[in-house]
Amino acid sequence: NAGVMQNPRHLVRRRGQEARLRCSPMKGHSHVYWYRQLPEEGLKFMVYLQKENIIDESGMPKERFSAEFPKEGPSILRIQQVVRGDSAAYFCASSLNTGVQNIQYFGAGTRLSVL
Amino acid sequence: SQQGEEDPQALSIQEGENATMNCSYKTSINNLQWYRQNSGRGLVHLILIRSNEREKHSGRLRVTLDTSKKSSSLLITASRAADTASYFCATDVGTSGSRLTFGEGTQLTVNP
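Since the structure is predicted, the reported quantities are computational estimates derived from the model, not experimental observations.

S.K.: Residue-level account of the interface of chain A and chain B, with values.
M.R.: Between chain A and chain B, the residue contacts involve 26 residues of the former and 23 residues of the latter. Both sides together, the interface formed by chain A and chain B hides about 1900 Å², and carbon and sulfur atoms give 50% of it. Joining chain A to chain B, the criterion identifies two salt bridges. Linking Glu104 of chain B and Lys44 of chain A is a salt bridge whose minimum nitrogen-to-oxygen distance equals 3.2 Å. In this assembly, chain A and chain B are joined by seven residue pairs in polar contact (both at pLDDT 80 or more).

S.K.: Would you mind going over the sheet that holds strand β6 (residues 55–58) of chain B in detail, with residue names and values included?
M.R.: All names here are of chain B. Here five strands make up an open sheet; going across it, the order is β1-β3-β8-β7-β6 and the pairing antiparallel. Each edge of the open sheet carries a strand with a single partner, namely β1 (5–7) and β6. Neighbour-to-neighbour, the strand axes of this sheet turn through a mean angle of 20 degrees, independent of strand direction. As paired elements, strand β7 (residues 61–66) and strand β8 (residues 71–76) share six bridges and run antiparallel to each other.

S.K.: Let's hear about the pairing of strand β9 (residues 85–92) of chain B: which residues, and what values?
M.R.: All names here are of chain B. Counting buried residues along β9, eight of its eight residues qualify, which places the element largely inside the surrounding structure. Judged by which residues are buried, β9 turns out to be covered on both faces: Ala85, Tyr87, Cys89 and Thr91 on one side and Ser86, Phe88, Ala90 and Asp92 on the other are all buried. Direction of pairing for strand β4 (residues 31–37) relative to β9: antiparallel, over a ladder of seven bridges. Bridged to Arg36 within β9 is Tyr87. Here β9 runs beside strand β10 (residues 100–102); their pairing, made up of three bridges, is antiparallel.

The rules behind these values
Residues numbered from 1 in each chain as written. Chains lettered and ligands numbered in written order. Predicted model: local features only at pLDDT ≥ 70, side-chain atom pairs only at ≥ 80, totals over all residues. Heavy atoms only, no water. Contact = heavy atoms within 4.5 Å. Buried area = accessible area lost by both parts, 1.4 Å probe. Salt bridge = Lys/Arg side-chain N within 4 Å of Asp/Glu carboxyl O. Polar contact = N/O pair within 3.5 Å; in protein donor to acceptor, adjacent residues only side chain to side chain. Pairing = 2+ DSSP bridges. Helix = DSSP H or I, 4+ residues; strand = E, 2+ residues; numbered from the N terminus. Axes fitted to C-alpha atoms, helices over the stretch in contact; angles between N-to-C directions. Buried < 20%, exposed > 50% of the residue type's maximum accessible area, 1.4 Å probe, protein only.

Structure follows, in C-alpha cells:
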C-alpha cells in the first residue's frame with residue numbers, strides 16, 4: 001500500500017509563473033489536507049478537501065491559490081502568478097477518518113523555489 | 001502565543017540519554033499527536049493521545065497529556081543518533097475537517 005505521493009519533489013518557478021502541485025492520497029483515503037512549511041517553522045494548515053468538495057479553506061490565501069480534489073485523479077494545489085514569498089515546502093496529508101482518531105499521513109512534500 | 005508551542009526549541013543530548021519535549025496549547029482538543037520530521041523530509045506520525053487519556057506508550061516513546069494545564073510531553077528513552085530530527089506536536093480541535101494545528105517544533109540532536 002503506497003503512501004501519500006507528491007510530485008514534483010522540487011519545483012522551480014520564476015515570478016509570475018504558475019505552480020501546480022499534485023498529491024495522491026493513500027489508497028482508500030478520501031480526506032486530503034494541504035499544509036505549508038516555511039524554513040525553521042511548523043506546518044500551517046491551508047485547505048481540507050474531500051472528493052469534489054472543499055470542506056475548509058480557511059488557511060488559503062485569498063488570491064492566487066486554489067485547490068481541487070476531483071472524482072478521478074490526484075488533488076492539485078495551484079498557485080498562480082507566484083511571488084518569492086511563496087517559496088516553501090508544501091505538504092499533503094491524507095486520512096481515513098476524521099474525529100478523535102484522525103491520523104494524517106504525510107507525503108514527502110514539494111519544495112517550491114521562486115526565482 | 002500559538003496553539004501547539006513546543007519547548008525547548010532545540011535540545012542536544014548524548015546517545016543513551018532520555019529526551020523530553022513539551023507542548024502547550026490553548027483550546028480544548030479532541031486529541032494531540034506527535035510527529036517527527038527528518039531534515040528535508042515529510043512528517044512521520046509517532047503517537048496519538050486522546051483528550052480522555054493521560055498517558056500512552058509506544059516502544060521507547062512515552063506521551064503524557066494534562067488537559068487541565070493544556071500541555072503534553074514526549075519522552076524518548078535511551079536515545080539513539082537516529083532519533084535526531086525535529087519533533088512537532090499537533091492538536092486536533094475537532095472542528096470541521098479535523099485539521100491539525102502544529103507547533104514550531106523541537107530540534108533534537110543526539111550525539112553519538
